[in-house]
Structure formats: structure tokens, C-alpha cells
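What follows is each chain in one-letter form.
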Amino acid sequence: MNSVLSIESLTFGYTKEQLIYDDFNLSLNKGEVKAIVGPSGCGKTTLFELITNNLLPQSGSISVSKVSSIYQDPYSSFHPTYTIYEQINDVVDDMSELSSLLKELHLEESLIDKKPHELSGGQLQRCSILRALLMKPDVLLVDEPTSALDNVIALEVMQLLMKFLHKCGILLITHDMFLAQWCSDTIIDLNEHRNNNAE
Ligand SMILES: Nc1ncnc2c1ncn2[C@@H]1O[C@H](COP(=O)(O)OP(=O)(O)OP(=O)(O)O)[C@@H](O)[C@H]1O
């Protein structure tokens, strides 16, 4: 198996009294989409923060190689005063796939010389996908792609991301059960699995 993410016996709480994760397990392989669902406040964003090392587990292990993230609000993922190109160039080592990805994402080349506020929400979301894919991740964390886009575009975004599944595994946070069922191999309901094994 081509494992790209392995979470074992994860325990985490913001306070000692209230654990959000207690002995939580999850694995993801290249080519796989897993959707994380559950009510507001159940710990979906916290899981991404743990995977990206912004939070540290109390116990257990998270083993992951290269991660990139696509966040729900594309305007908050880019600095308002720099062009899209400058912000991609800052974090990407190898730009050789830029032209082909622009085509696949239906983005005109001239758009990336603009600043975020000069683009529509959908264009900017595709720019954040462009940046994430150029980083050549093993794991793509996708946080609620529906929120900034209408439902048809959200499906298109996921359809597009799934074209890159041969290169990575995708972990998707969503409130949209239709989207989760449509695109994922496995749905992890944190409400049910919080204290169980989610493998
Ligand atoms: N920095 C923090 N300090 C203390 N508690 C926090 C912090 N961040 C989140 N929490 C709490 O941890 C719990 C999980 O929050 P989290 O943001 O992971 O939920 P979520 O499932 O992503 O919610 P939503 O669907 O509303 O985005 C919530 O009860 C929240 O209030």
C-alpha cells in the first residue's frame, strides 16, 4: 500500500478536561479520498491543524510526508497586496508544471499577475488549488470547498482535484454529505468515530 498519512492512537484536547480526540486512528493512501464529516465544533479543523503540525498531540503519532492545504475562504489564503504569481513563487520550488496546470484549471495566464481582489471567488479558489498542486503534495487537505463556491462549481473543483489522485491522497472536510458521498471512498463521521478507530 502507498501510505501517505498515518495517525495512530491520537489523543488531543485544548484542555485536559475535554479531549477532542481520544485514541483516534486514520490512514490514507495515495489515490484515496476520505471525507471528514461531523457537526460544527466536533474537531474537523483541529484535525487539519494537527496534521499540519500547528498543534501537537498529547499522545500518539502522526506520520505524514508533504502536505498542502486548500482552505474554505480563498481570499484569506492569499495576501491582498501581492500578485498571485508572487505568492505562488514564494512557496513553490519547481514551476515547470505551471502552464499545463493553468490550462487544466481553466485559468488564463494573465490572471496570476493580478492581485487577489481583482479575481472572482471561483478564480481565486482555482489559484489556491494551483498553488497547492504545484507544491506536489503527498496529502492534499481540502477544507469545505463548497463554502466559497456554488454547488456546481464545488463538484467541478472536486472533480478537478480527483484528476490528481494518482499523485496524492485527499482528506476533505465538508458539511455536505452529498459531496462526501459523491467523491470519497470512505466517510469518517467524527461524531461516531471520535473515540473509536476510524481506519
Ligand atoms: N484555539 C482553541 N482553544 C480552545 N478551544 C478551541 C480552539 N479551537 C477550537 N476549539 C474548540 O475545539 C472544538 C473543535 O473545534 P474545531 O474548529 O476543530 O471544530 P470543527 O468541527 O472544525 O467546527 P466547524 O464545522 O464549525 O468549522 C470546538 O469545541 C472549539 O470550540
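Residues numbered from 1 in each chain as written. Predicted model: local features only at pLDDT ≥ 70, side-chain atom pairs only at ≥ 80, totals over all residues. Heavy atoms only, no water.

Trainee: I'd love a proper account of the overall build of the chain, names of residues and values included.
Mentor: In terms of helices and strands, the chain carries seven helices and eight strands. Buried residues in the chain amount to 47% of all 199 residues. Of all intrachain contacts in the chain linking residues separated by at least 6 positions in sequence, the fraction that spans at least 24 positions is 74%. Accessible surface, the chain: about 9,800 Å² in total, of which carbon and sulfur atoms supply 47%. Taking the average place of the 14 positive charges on the side chains of the chain and the average place of its 27 negative ones, the gap between the two points comes to 4 Å. (Helix = DSSP H or I, 4+ residues; strand = E, 2+ residues; numbered from the N terminus. Buried < 20%, exposed > 50% of the residue type's maximum accessible area, 1.4 Å probe, protein only. Contact = heavy atoms within 4.5 Å. Areas by Shrake-Rupley, 256 points an atom, 1.4 Å probe, with all protein chains shown as cover. Lys, Arg positive; Asp, Glu negative; His and termini not counted. Charge placed at Lys NZ, Arg CZ, Asp CG, Glu CD.)

Trainee: Explain the packing of aromatic side chains to me, and be specific about the residues and the numbers.
Mentor: All chains considered together, the criterion is met by two aromatic pairs. Taking the centre distance of 5.0 Å and the plane angle of 85° together, the rings of F12 and Y14 count as edge-to-face. What makes F12 buried here is its relative accessible area of 4%. Using a relative accessible area of 52% as the deciding quantity, one classes Y14 as exposed. Positioned above the aromatic ring of F78, the side-chain terminus of R131 is 4.0 Å from the ring centre. (Phe/Tyr/Trp six-rings, centres within 6.5 Å; stacked < 30°, edge-to-face > 60°. Lys NZ or Arg CZ within 6 Å of the ring centre and 35° of its normal.)

Trainee: How would you summarise unusual backbone geometry if you had to cite specific residues and measurements?
Mentor: Of note in this structure, S9 is not a glycine but carries a positive phi near 50°. Mapped onto the secondary structure, S9 falls in strand β1 (residues 3–12). Backbone geometry at N53 places phi at a positive 75°, although glycine is not the residue there. On the secondary structure map, N53 appears in the loop between α1 (44–51) and β4 (59–64). Judged by its relative accessible area of 55%, N53 is exposed.

Trainee: So, the sheet that holds strand β2 (residues 21–29): which residues are in play, and what are the values?
Mentor: Pairing is antiparallel in the open sheet, where three strands are placed in the order β2-β1-β4. What marks the edges here is a single partner per strand, and that holds for β2 and β4. Ignoring which end each strand starts from, the neighbouring axes of this sheet average 10° apart. Sheet analysis places β1 next to β4, joined by five bridges and oriented antiparallel. (Pairing = 2+ DSSP bridges. Axes fitted to C-alpha atoms, helices over the stretch in contact; angles between N-to-C directions.)

Trainee: For the environment of Q72, give the residues involved together with the corresponding values.
Mentor: With respect to the secondary-structure elements, Q72 resides in the loop between β5 (67–70) and α2 (84–89). Through-space distance from the C-alpha of Q72 to that of D94 is 25 Å; in sequence the pair is 22 residues apart.

Trainee: Any details on the confidence of the model for the chain? Residues and values, ideally.
Mentor: The predicted model of the chain averages 88 in pLDDT, with 91% of residues at 70 or higher. At the level of chain-chain contacts, confidence expressed as ipTM amounts to 0.97, with global pTM at 0.88. (pLDDT = per-residue confidence, 0-100.)

Trainee: Let's hear about the sheet that holds strand β6 (residues 139–143): which residues, and what values?
Mentor: Pairing is parallel in the open sheet, where five strands are placed in the order β5-β6-β7-β3-β8. Strand pairing shows two members of the sheet lacking a second neighbour, β5 and β8 (186–189), which therefore form its edges. Averaged over neighbouring strand pairs, the angle between their axes works out to 20° when direction is ignored. As defined by bridge partners, strand β3 (residues 33–37) adjoins strand β7 (residues 169–173) across four bridges and the pair is classed as parallel. Pairing of V33 across the sheet is with I170, part of β7. On top of the sheet, α1 reaches β3, β5, β6 and β7; it is set at about 145° to β7, its chief contact. The sheet strands contacting helix α4 (residues 121–134) are β5 and β6, and the helix crosses β5 at an angle near 180°.

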